[in-house]
Structure formats: structure tokens, C-alpha cells
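The chain contents come next:
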Amino acid sequence: MSMPTAVAITAKRAQDELGAAFASSVLAAFPTVALAMLVIVHAENPESRLRPYMDVLPGCGGVGGVLEFKLPDFQRLSSSSTLPSCLNIVKHAARMYTVACEVVGKGVPGLTTAQFTWARFRWAFAIVMSRVVNVRDASGEETSALVPFWDMMNMKHVRCTGGPGCRQANKTELSACVSLTWWLHRRAQRCPRTPKRA
């Protein structure tokens, strides 16, 4: 499968759309934060070309993952060796949010400080971290990107070839190694549904 690179939400696109705010060394150093900010910009804009994609993304509280944990969730992990890792993810996101708040306070096109809440940032950051893939841009360089609807395909492995045909046509390729039909068939074999009791 191939797609036009223009559809991808990349750091380059964030640089173009966020303008001077992207020039901040922080956003340039942490492209995932810039991508999260761009997701919020498009999610808040009813006229966005990405509106169909934004409308099918899980809403706040629906992404899942450690960024949506509440205190009881962390307490359940108190005896687990995963607790420190989970807390580090939240601390990292909180640090990135603090830095991003300073950038938004200085002015970001299409984004106000009222729209840029901790809950909204956690949602966007979780969307980016769970759906980002590496693709080759038009110049052939590898970059992190959100690709609308591509991220919803059932994949076992992502292979970005970016061969000459792709670069010339401004496209990137993705290989889906496991078909959805095959996966559903295998799952049905392993987990047969039991009939409902009367």
C-alpha cells in the first residue's frame, strides 16, 4: 500500500503549521510534542482537512494506557516492577506539557491556552505515541509521522521502503504482513464464542 506523503502529519508539517512556535529548540528536539500540539490544533478546528481522521480517533479517556491512569490504577501496581516505568512515562509527559505550555503561551496559530489543557495534551500525546510510524519524506529522510487511517490497519510489522518510485511520486509504502481476515479467522479458531444461555 502506498500513500501521498502530503497526508502524513510529520515534524515538517508541524514546523510549517505551527510557524515560529516550532522554531523553539524544545519542539525541534521533541517532535512527538510538536505532533501532539498539531493533533490538538486539528482536533479543535472544525474546518480542518483532517476532520474525518480526528472524528474517528478515540476521545479523551478512550486511548487507554498509562497517561490515563488514576491513583487507584497506580496503587494496584505498587508491588509490580512496572510501576517505576509507568511513573516515568507520566513524569516525562508532564515535563513536556510544561515546556509546551510556555510555547503555547507565546502564541501558536490555531491553539489557545484555554484549549491546551493537561487532559487534552495527555490525549494527544497518547494518540501520537501509540500511532506514530517511521516513514520517508519527500527528500528520502526517515521521519516520525501520523498517517491518517494508516495507523488503524492491522499490522504485524511496518516496512518503509521509500524506493525510487516512492520518492519520485512523493509516496511512502507500508507493508501489512498480517491480513485482518487472517487474524479474525485465527482468533475465531482460538476463542470460539459460546452460545448464550436461555
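Cut-offs applied
Residues numbered from 1 in each chain as written. Predicted model: local features only at pLDDT ≥ 70, side-chain atom pairs only at ≥ 80, totals over all residues. Heavy atoms only, no water. Helix = DSSP H or I, 4+ residues; strand = E, 2+ residues; numbered from the N terminus. Buried < 20%, exposed > 50% of the residue type's maximum accessible area, 1.4 Å probe, protein only. Contact = heavy atoms within 4.5 Å. Expected span 1.5 Å × (residues − 1). Phe/Tyr/Trp six-rings, centres within 6.5 Å; stacked < 30°, edge-to-face > 60°. Lys NZ or Arg CZ within 6 Å of the ring centre and 35° of its normal. Core = buried A, V, L, I, M, F, W, Y, C linked by side-chain atoms within 4.5 Å. pLDDT = per-residue confidence, 0-100.

**Concerning the overall build of the protein chain**
Within the protein chain, the secondary structure is distributed over 9 helices and 5 strands. Its helices and strands in sequence order give the protein chain the pattern β-β-α-α-α-α-α-α-α-β-β-α-β-α, from N to C terminus. The buried share of the protein chain, reckoned over its 198 residues, is 36%. Expressed as a percentage of contacts within the protein chain between residues at least 6 apart in sequence, the contacts between residues at least 24 apart total 61%.

**Quick word on helix α7 (residues 118-131)**
Given 3.6 residues per helical turn, the α-helix brings residues three or four places apart onto the same face. With 14 residues, α7 should cover 20 Å at 1.5 Å per step; its first-to-last C-alpha distance of 20 Å lies within 8% of that length. Considered for burial, the residues of α7 that qualify are Arg120, Phe121, Trp123, Ala124, Phe125, Ala126, Ile127, Val128 and Arg131.

**Concerning the side chain of Thr10**
Along the chain, Thr10 turns up in strand β2 (residues 9-10). Discounting chain neighbours no more than four positions away, the residues touching Thr10 are Leu35, Thr143, Ser144 and Ala145.

**Focus: the packing of aromatic side chains**
A ring pair, where both rings are aromatic, is described by two values, the distance of the centres and the angle of the planes. Counted by the stated rule, this structure contains 7 aromatic pairs. Each ring, one from Trp118 and one from Phe121, has its centre 6.4 Å from the other, and the planes form 25°; the classification is stacked. Of this pair, Trp118 and Phe121 both sit in helix α7, separated by 3 residues, roughly a single helical turn. You can call Trp118 partly exposed: its relative accessible area is 27%. With relative accessibility at 0%, the residue Phe121 sits in the buried group. Cluster of aromatic residues (ring-pair linked, three or more members): Tyr97, Phe116, Trp118, Phe121 and Phe125. Stacked on the ring of Trp123, the Lys or Arg Arg120 has its end atom at 4.5 Å from the ring centre.

**What about the nonpolar core?**
Grouped burial of nonpolar side chains is what soluble globular proteins tend to show. The biggest cluster of nonpolar side chains holds 37 residues, and the ones touching the most others in it are Leu18, Met37 and Phe116. Elements with a contribution of two residues or more to this core: α1 (11-18), α3 (31-44), α4 (51-56), α6 (83-106) and α7. Ranked by residues supplied to this core, first place goes to α3 with 10 residues. Among all residues touching Leu18, those that are not within four sequence positions of it are Leu27, Ala34, Met37, Leu38, Val41, Val108 and Pro109. Judged by nonpolar contacts, the second largest core, of 6 residues, contains Ala8, Val133, Ala145 and Val147.

**Looking at α3**
Helix length check: α3, at 14 residues, gives a terminal C-alpha distance of 20 Å against a target of 20 Å (1.5 Å per residue), a fit within 8%. Buried residues dominate α3, accounting for 11 of its 14 residues. When α3 is considered as a whole, its buried residues turn out to be Val33, Ala34, Leu35, Ala36, Met37, Leu38, Val39, Ile40, Val41, His42 and Ala43.

**Topic: the confidence of the model for the protein chain**
Per-residue confidence for the protein chain averages 75 on the pLDDT scale, and 70% of its residues sit at or above 70. Looking across the protein chain, the model is least confident in helix α8 (residues 164-168), with a mean pLDDT of 42, and most confident in helix α5 (residues 71-76), with 92. Contacts from residues 156-160, a stretch scored under 50 in pLDDT, to residues over four places away or in other chains number 14 contacts. Throughout residues 190-198 the model reports pLDDT below 50, and contacts reaching past four residues in sequence, or to other chains, amount to 0 contacts.

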